[in-house]
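These are the residues of each chain, in order.
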Amino acid sequence: MIWKRTPLGIALALALVLALSACAAGNAPAQSATPSPQPEETATPTPTPDAPAQGNVLVAYFSHTGNTEAVAEQIAERTGGTLAQIQRAEEYADLQQEAEEEILQGVRPEITVSADNVEEYDTIFVGYPIWWDEAPAMIATFLESYDFSGKTIVPFCTSASDSIDNSLHIFSELCPEATLAEGLTANDEAGIEPWLQGLGLLP
């Protein structure tokens, strides 16, 4: 087709050029504005549950054959606690007779404790072997020697046959103002960590 240079032809040509220019502009990619820099946000740390205070756990124990001592050492290692050995000031001349009489008659034998600041601890494990279905008399002496008001006492024992249950009465009798946690008959080493976990005493 041949365009003639008439006023009408020139007008049509200009209209065609303008239409093509508009299409080209519509298809061109949009220029994105450069975003202004934003201040960096400071991440707020997620709070974590409170862990037992390290160094605020005492693991006090009386051990005659070494079994209770071995359990006490494992508890101290897992909790970060401080070991404190309870000993009778004088050795028994006749263990079978004297130890049973002490328990039956409520005797409080003199003891030594390898810690000077017992009352500074908030959580006190108390360990002992079961004798005649009870705690040895040295444990009663230990409980009466300090003020455990407001403290948490965690009993544990070792025994060839008896559980800890029958020996627990001395804690409520001698330390009524303390909180008594669930005790453990620790004859199986595998049960120590789940017990501590359940008590919330693992760091």
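For the structure itself, look to the data block above.
All figures in this text were calculated on a predicted structure; none of them were measured in a lab.

## Observations concerning the packing of helix H2 (residues 67-79) against helix H6 (residues 192-199)
When two helices pack together, their arrangement is given by the angle between their axes and by how far apart the axes lie. One way to put it is that H2 packs onto H6 with a least axis distance of 11 Å and a crossing angle of 50 degrees. Here H2 is positioned oblique relative to H6, judged by the angle of their axes. The interaxial crossing formed by H2 with H6 has right-handed handedness. Residues Val71, Gln74, Ile75, Arg78 and Thr79 of H2 touch H6, and the partners they reach there are Ile192, Glu193, Trp195 and Leu196. Within the contact of H2 with H6, the residues separate by chemical class into 5 nonpolar, 2 polar and 2 charged.

## A closer look at H2
For H2, which comprises 13 residues, the first-to-last C-alpha distance of 19 Å matches the rise-based estimate of 18 Å (1.5 Å per residue) to within 8%. Among the residues trailing H2, glycine 80 stands out with phi positive, at a value near 75 degrees.

## Notes on the environment of isoleucine 111
Examined against the element boundaries, isoleucine 111 turns out to sit in strand S3 (residues 111-113). On the basis of relative accessibility, which here comes to 15%, the residue isoleucine 111 falls in the buried class. With 23 residues separating them along the chain, isoleucine 111 and arginine 88 place their C-alpha atoms 4.4 Å apart. If near-sequence neighbours (up to four positions away) are discounted, isoleucine 111 is found in contact with Ile86, Gln87, Arg88, Ala89, Met138, Thr141 and Phe142.

## Brief notes about the pairing of strand S5 (residues 152-158)
Summarising burial for S5: 6 of the 7 residues are buried, a large majority. In this sheet, S5 lies alongside strand S4 (residues 123-129) in parallel orientation, the contact comprising 7 bridges. Bridge pairing links phenylalanine 125 to valine 154 in S5. Read as a crossover between parallel neighbours, the route from S4 over helix H4 (residues 137-144) to S5 is right-handed. Alignment of S5 against strand S6 (residues 179-180), held across 2 bridges, turns out to be parallel.

Reading the values: the criteria
- Residues numbered from 1 in each chain as written.
- Predicted model: local features only at pLDDT ≥ 70, side-chain atom pairs only at ≥ 80, totals over all residues.
- Heavy atoms only, no water.
- Axes fitted to C-alpha atoms, helices over the stretch in contact; angles between N-to-C directions.
- Helix = DSSP H or I, 4+ residues; strand = E, 2+ residues; numbered from the N terminus.
- Parallel < 35°, antiparallel > 145°, perpendicular 65-115°, else oblique.
- Left-handed = near helix turned anticlockwise from the far one by under 90°.
- Contact = heavy atoms within 4.5 Å.
- Nonpolar A, V, L, I, M, F, W, Y, C, P; charged D, E, K, R; others polar.
- Expected span 1.5 Å × (residues − 1).
- Buried < 20%, exposed > 50% of the residue type's maximum accessible area, 1.4 Å probe, protein only.
- Pairing = 2+ DSSP bridges.
- Right-handed = clockwise from strand over helix to strand, strands pointing away.

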